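Residue-level listing of the chains:
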There are 4 protein chains.
Amino acid sequence: MTDDQVMNANLERLAAARDEADRLKVELVGLHQELIRWGLVVWTAGNVSARVPGADLFVIKPSGVAYDQLTPDQMVVCDFEGRLVEGSLKPSSDTFAHAYVYAHRPDVGGVVHTHSSYATAWAARREPIPAVLTMMGDEFGGDIPVGPFALIGDDSIGQGIVATLAESRSPAVLMANHGVFTIGRDARSAVKAAALTEEVAKTVHLARQLGEPVAIDPGDIDHLFDRYTNVYGQ
Amino acid sequence: MTDDQVMNANLERLAAARDEADRLKVELVGLHQELIRWGLVVWTAGNVSARVPGADLFVIKPSGVAYDQLTPDQMVVCDFEGRLVEGSLKPSSDTFAHAYVYAHRPDVGGVVHTHSSYATAWAARREPIPAVLTMMGDEFGGDIPVGPFALIGDDSIGQGIVATLAESRSPAVLMANHGVFTIGRDARSAVKAAALTEEVAKTVHLARQLGEPVAIDPGDIDHLFDRYTNVYGQ
Amino acid sequence: MTDDQVMNANLERLAAARDEADRLKVELVGLHQELIRWGLVVWTAGNVSARVPGADLFVIKPSGVAYDQLTPDQMVVCDFEGRLVEGSLKPSSDTFAHAYVYAHRPDVGGVVHTHSSYATAWAARREPIPAVLTMMGDEFGGDIPVGPFALIGDDSIGQGIVATLAESRSPAVLMANHGVFTIGRDARSAVKAAALTEEVAKTVHLARQLGEPVAIDPGDIDHLFDRYTNVYGQ
Amino acid sequence: MTDDQVMNANLERLAAARDEADRLKVELVGLHQELIRWGLVVWTAGNVSARVPGADLFVIKPSGVAYDQLTPDQMVVCDFEGRLVEGSLKPSSDTFAHAYVYAHRPDVGGVVHTHSSYATAWAARREPIPAVLTMMGDEFGGDIPVGPFALIGDDSIGQGIVATLAESRSPAVLMANHGVFTIGRDARSAVKAAALTEEVAKTVHLARQLGEPVAIDPGDIDHLFDRYTNVYGQ
């Protein structure tokens, strides 16, 4: 297909999924506020995206817009090559990474990127966060893994995320010297994973500062993960 | 009694205590906001419960509901086996632990659970917080003790809480690799204990990072605890 | 004089200073909010008082009342023996310490007490905060000193504050294993000193964690203190 | 020119730039709120200024005014010698440092000064923050450098800022034992640089506490800086 044909096909899919996309734009404004509420981002350094059901498209934050000025109609829609399909603003500079994840993980409905301080400190040392908390058994099913060092601008970051998460039950990956990417069945789940990533990154950091946390038996981690996945919540 | 008979008996007791239960539901919404206000919880990872006076029942948060969306009518009532007596939502996944405490500690009117960061860091090392602050003499009457490692899903956590607190004047226990449970004569007192647990966990952590805090004489701890218990407040 | 005569004399002085006392009650409600705003207190663990001009009296917070529920008419007036002169609530349990400072430091118009985390961590090690920041030259004129360990309930804490501050230009003292007391020409100045105490306690703590801060020449500290005292502000 | 002649010339330039100056006064009130929002300042210890386009003048915060009471008409206008040109309040005590930067860096449209905790901790050790985060490549193009120890009251601080930044791509300098100064093409950019300075100061501090962060290749830092400078934002 030519670029024009691709764009037309994308616009048709968007028209079919119009209601879903509009709902997601509103939801994403609220979820970016959650990044602020839980102290995960500074200035404009973080973003949330959501897959548009029934289309190879996702909604994402525009680049460099302050969180307290975000409105639903500023949100942009992109395809899985990271190309702008709808919106008058430039997409987040992390759009290619989000796009790669959606293209290669059909189970993922939401992606979040932050540079939250404690988690990024582990990432700067390229050190996984060990599963020494029951909360880590619950939400991450084990350690939070480290992905490769990758530069922005092409598929490198997306590839690193997908490859690292393929070998883990964790919905979060610490990209080396960079920050956190999380995935979820929807955008809200990915934001939750981002909030809990920073929380456990902080708690284990603090524990390690004054000695060594006691390890949790891998069988107990399995028990916690299974129960949390199948019983927790409404 | 059959399960149906138990449920009917519980519903009768709840009918008799209806006004108290309704008042507690309103109070608990406000007390969950205190968990946020003092930075004790992230996402939905913490809960407060309150004993219904005159009944073997308690009110507790539903599982997985965001703190800023909690309403009094979402609160659920459970019996001391952790069974749902009233409410349309699923109770907190920590309900069995709360239930065990109420069943075995008739003096307790409120229970709080958090994963607050500094306190949970001590819990991850399974290390009690030493009483090196006058605030610890006041509120805890000594060290904050560590309870056993216990998995969620049965009475293990509740047993660990009750057994550990039986040997201490502290209203708080650090459950190994898990987090904080606190008790109080009412729910507000238990929330206060949770807030002060995190505060002293942080302060003693900071003190230890650059040397050793000076110990307080046990007799002075006793003096502080007695005075605070009998003189402080209105 | 008999106790009744003392009380009558105090009530006469209060009547003469009625407008000042009422103004201070309103101001103190706002200043307790500043303790919250700058993260200096948890739950009800801190208080601000203000001398009533023209009377040997001061206004102080009642014991155990939550900051967000404080109203001007809840504030209580005490004399320099710590006796209640006006108000229906019990004064702060730190009232004797405040009273002693007003009785022995006629230049002091406001007193603040907190357990702010970083400053109290230095206090737990009984270690003064070294003057390695220009902000410390400005506001404290040197190190922030440590006072003795003293129990609540009599003049011990007040004596420790006054004796320690007599040998320093600092408006703040770290009471051993306890917390911070600050003084000022008025209550607002004392709150400012409490906020800056925690700020420099944190910054020097952080600096020390990764090495040794570089000392500032004592002559430069003098220069900073003199300039700040005489030039800064409106 | 005599002092009177200088003042008259400045007032004429201000008259010509009246609309710009008024717009900047409003903008600066909002930008001082950003200092609070991102936790960069305590009490009144920080300030933002903005160059008045088309005039050798800048708008700056008055000295010692609380951030939540700042109004546009309280903002003062100064010339590049730091002399007050318009306004009834005394300018910030850091005015000479701001003035020197505007006089010697015609590309700078905004200047910010903070004592933010983590960054000032690096400054107290006189240690540059190493570029071990992709965010540092983006925003700072390398390490954040340390400037000399300089006393307030003359051109020393301004000279230190300008000389240090002349040898770096960083918009931020850590002034020894003092705090942070940042520059930008406008005041908003300088505030952003101040917020990101504290963020990376914290993250690298945390990373260093438990080991050594992995270095980023200088060529990758160049790539990140070039891309961020030319592609990011709207």
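The structure displayed is predicted, hence computed values, not measured ones. (Residues numbered from 1 in each chain as written. Chains lettered and ligands numbered in written order. Predicted model: local features only at pLDDT ≥ 70, side-chain atom pairs only at ≥ 80, totals over all residues. Heavy atoms only, no water.)

### Side note on the overall build of chain A
Counting its secondary structure elements, chain A contains eight helices and eight strands. For 234 residues, the compact-globule estimate of 2.2 N^0.38 gives 17 Å, and chain A sits close to it at 18 Å. By principal-axis analysis of the C-alpha atoms, chain A measures approximately 60 × 35 × 30 Å. Here chain A holds 234 residues, and the buried ones make up 63% of them. Pairs at least 24 apart in sequence give 65% of the contacts found in chain A among residues at least 6 apart. When the accessible surface of chain A is summed, it comes to about 8400 Å², and 50% of that surface belongs to carbon and sulfur atoms. Charge centroids of chain A, computed over 19 positive and 31 negative side chains, lie 3 Å from each other. (Helix = DSSP H or I, 4+ residues; strand = E, 2+ residues; numbered from the N terminus. Rg over C-alpha atoms; globule rule 2.2 N^0.38 Å. Buried < 20%, exposed > 50% of the residue type's maximum accessible area, 1.4 Å probe, protein only. Contact = heavy atoms within 4.5 Å. Areas by Shrake-Rupley, 256 points an atom, 1.4 Å probe, with all protein chains shown as cover. Lys, Arg positive; Asp, Glu negative; His and termini not counted. Charge placed at Lys NZ, Arg CZ, Asp CG, Glu CD.)

### Notes on the interface of chain A and chain B
Contact residues are listed per partner, giving 33 residues for chain A and 33 residues for chain B. Summing both partners gives a buried area of about 3100 Å² for chain A against chain B, and 61% of it is carried by carbon and sulfur. Counting the contacts that link chain A with chain B gives one salt bridge. With its nearest N and O atoms 2.7 Å apart, the salt bridge here joins B:Asp68 to A:Arg37. Taken together, chain A and chain B are joined by 10 residue pairs in polar contact (both at pLDDT 80 or more). Secondary structure elements with two or more residues in the side of chain A that touches chain B: α2 (18-37), α5 (134-140), α7 (187-209) and α8 (218-231) of chain A. The greatest single-element share of the side of chain A that touches chain B, amounting to 11 residues, is contributed by α7(A). Here the side of chain A that touches chain B is composed, by residue class, of 17 nonpolar, seven polar and nine charged. (Buried area = accessible area lost by both parts, 1.4 Å probe. Salt bridge = Lys/Arg side-chain N within 4 Å of Asp/Glu carboxyl O. Polar contact = N/O pair within 3.5 Å; in protein donor to acceptor, adjacent residues only side chain to side chain. Nonpolar A, V, L, I, M, F, W, Y, C, P; charged D, E, K, R; others polar.)

### Some points on the side chain of A:Asn47
All names here are of chain A. With respect to the helices and strands, Asn-47 occurs in strand β1 (residues 46-51). Side-chain polar atoms of Asn-47 contact the side chain of Ser-92, separated by 3.2 Å. Reaching out from Asn-47, the side chain makes a polar contact with the side chain of Asp-94 at a distance of 2.9 Å.

### Notes on the nonpolar core
Most often, soluble globular proteins have nonpolar side chains that are buried together. Among the nonpolar cores identified, the biggest contains 232 residues, and A:Met136, B:Met136, C:Met136 and D:Met136 are the most heavily contacted of them. Leave out the neighbours within four places in its chain, and D:Met136 touches D:Ile129, D:Pro130, D:Ala131, D:Gly141, D:Gly142, D:Ile144, D:Val200 and D:Val204. (Core = buried A, V, L, I, M, F, W, Y, C linked by side-chain atoms within 4.5 Å.)

### Remarks on the pairing of strand β7 (residues 172-175) of chain C
Residue and element names in this part refer to chain C. Where burial is concerned, the two faces of β7 agree: the one with Ala-172 and Leu-174 and the one with Val-173 and Met-175 are both buried. In the sheet, strand β6 (residues 146-147) pairs with β7 via two bridges, with the strands oriented parallel. Considered in β7, the bridge of Val-146 is made with Leu-174. Taken together, β6, helix α6 (residues 156-165) and β7 constitute a β-α-β crossover, and its handedness is right-handed. As paired strands, β7 and strand β8 (residues 179-184) are joined by four bridges and run antiparallel to one another. Residue pairing in the sheet places Leu-174 in a bridge with Val-180 of β8. In this structure, the hairpin formed by β7 and β8 is closed by a connection of three residues, where Asn-177 is found at a positive phi of approximately 60 degrees. (Pairing = 2+ DSSP bridges. Right-handed = clockwise from strand over helix to strand, strands pointing away.)

### Description of the interface of chain D and chain A
Each side of the interface is counted separately: chain D has 33 residues, and chain A has 33 residues. Here chain D packs against chain A, burying approximately 3100 Å² in sum over the two surfaces, 61% of which is carbon and sulfur. On the surface where chain D and chain A come into contact, there are one salt bridge. Linking chain D to chain A there are 10 residue pairs in polar contact (both at pLDDT 80 or more). Those elements that provide at least two residues to the side of chain D that touches chain A are α2 (18-37), α5 (134-140), α7 (187-209) and α8 (218-231) of chain D. Here the element with the most residues in the side of chain D that touches chain A is α7(D); it accounts for 11 residues. Of the residues assigned to the side of chain D that touches chain A, the class counts are 17 nonpolar, seven polar and nine charged.

### A closer look at the relation of the copies chain A and chain B
Overlaying chain A with chain B gives an RMSD of 0.0 Å, the required rotation being 90 degrees about an axis along which the chain moves by 0.0 Å. The relationship between the two copies is best expressed as a four-fold rotation axis. Considering only C-alpha atoms, the part of chain A nearest the rotation axis is A:Gln209, at 5.4 Å. (Least-squares fit on C-alpha atoms with pLDDT ≥ 70 in both.)

### Concerning the pattern of salt bridges
The tally for this structure, following the rule as stated, stands at 64 salt bridges over all chains. Taking the shortest distance from any N to any O, the salt bridge between C:Arg83 and C:Asp3 comes out at 3.9 Å. Here C:Arg83, found in the loop between β3 (76-79) and β4 (84-86), pairs with C:Asp3, found in helix α1 (residues 3-16); they are 80 residues apart in sequence, far enough to count as distant. Classification of C:Arg83 by relative accessible area gives partly exposed; the value is 31%. Linking D:Glu20 and D:Arg23 is a salt bridge whose minimum nitrogen-to-oxygen distance equals 2.8 Å. Of this pair, D:Glu20 and D:Arg23 both sit in helix α2, three residues apart, roughly one helical turn.

### Points about the confidence of the model for chain A
When the pLDDT values of chain A are averaged, the result is 95; 100% of them are 70 or greater. Interface confidence for the predicted complex, given as ipTM, is 0.96, next to a pTM of 0.97. (pLDDT = per-residue confidence, 0-100.)

### Examining the packing of aromatic side chains
Residue and element names in this part refer to chain A. Tallied over the full model, the rule gives 16 aromatic pairs over all chains. Judged by centre distance (6.3 Å) and plane angle (35 degrees), the rings of Phe-58 and Phe-80 are tilted. Residue Phe-58 is located in strand β2 (residues 57-60), and its partner Phe-80 is located in the loop between β3 (76-79) and β4 (84-86); the two are separated by 22 residues in the primary sequence. Residue classification places Phe-58 among the buried residues on the basis of a relative accessible area of 0%. Take Phe-80: its relative accessible area is 15%, and that puts it in the buried class. Of the aromatic side chains, those joined through ring pairs into one cluster are Phe-58, Phe-80 and Tyr-102. (Phe/Tyr/Trp six-rings, centres within 6.5 Å; stacked < 30°, edge-to-face > 60°.)

### Topic: helix α7 (residues 187-209) of chain C
Every α-helical turn comprises 3.6 residues, leaving residues that sit three or four positions apart pointing alike. Here α7(C) contains 23 residues, and its C-alpha end-to-end distance of 33 Å stays within 8% of the 33 Å for a straight helix at 1.5 Å per residue. At the exit of α7(C) stands C:Gly211, carrying a positive phi of roughly 150 degrees. (Expected span 1.5 Å × (residues − 1).)

### A few points about unusual backbone geometry
Residues and elements named next belong to chain B. One non-glycine residue, Trp-43, adopts positive backbone phi at about 55 degrees. With respect to the element layout, Trp-43 can be found in the loop between α2 (18-37) and β1 (46-52). A relative accessible area of 8% places Trp-43 in the buried class. Backbone geometry at Asn-177 places phi at a positive 60 degrees, although glycine is not the residue there.

### Remarks on the relation of the copies chain D and chain A
Superposition of chain D onto chain A requires a rotation of 90 degrees combined with a translation of 0.0 Å along the rotation axis, giving an RMSD of 0.0 Å. Each copy contacts the other with its own distinct surface, as only 3% of the interface residues of chain D are interface residues in chain A too.

### Some words on the side chain of D:His113
All names here are of chain D. When you line up the elements, His-113 lands in strand β5 (residues 110-114). Given a relative accessible area of 1%, His-113 falls into the buried group. Within the structure, His-113 has its side chain in polar contact with the side chain of His-115 (distance 3.3 Å). Polar contacts involving the side chain of His-113 include one to the main-chain carbonyl oxygen of Val-180, which spans 2.9 Å. Not counting chain neighbours up to four residues away, the residues in contact with His-113 comprise Gly-46, Asn-47, Asp-94, His-98, His-178, Val-180 and Phe-181.

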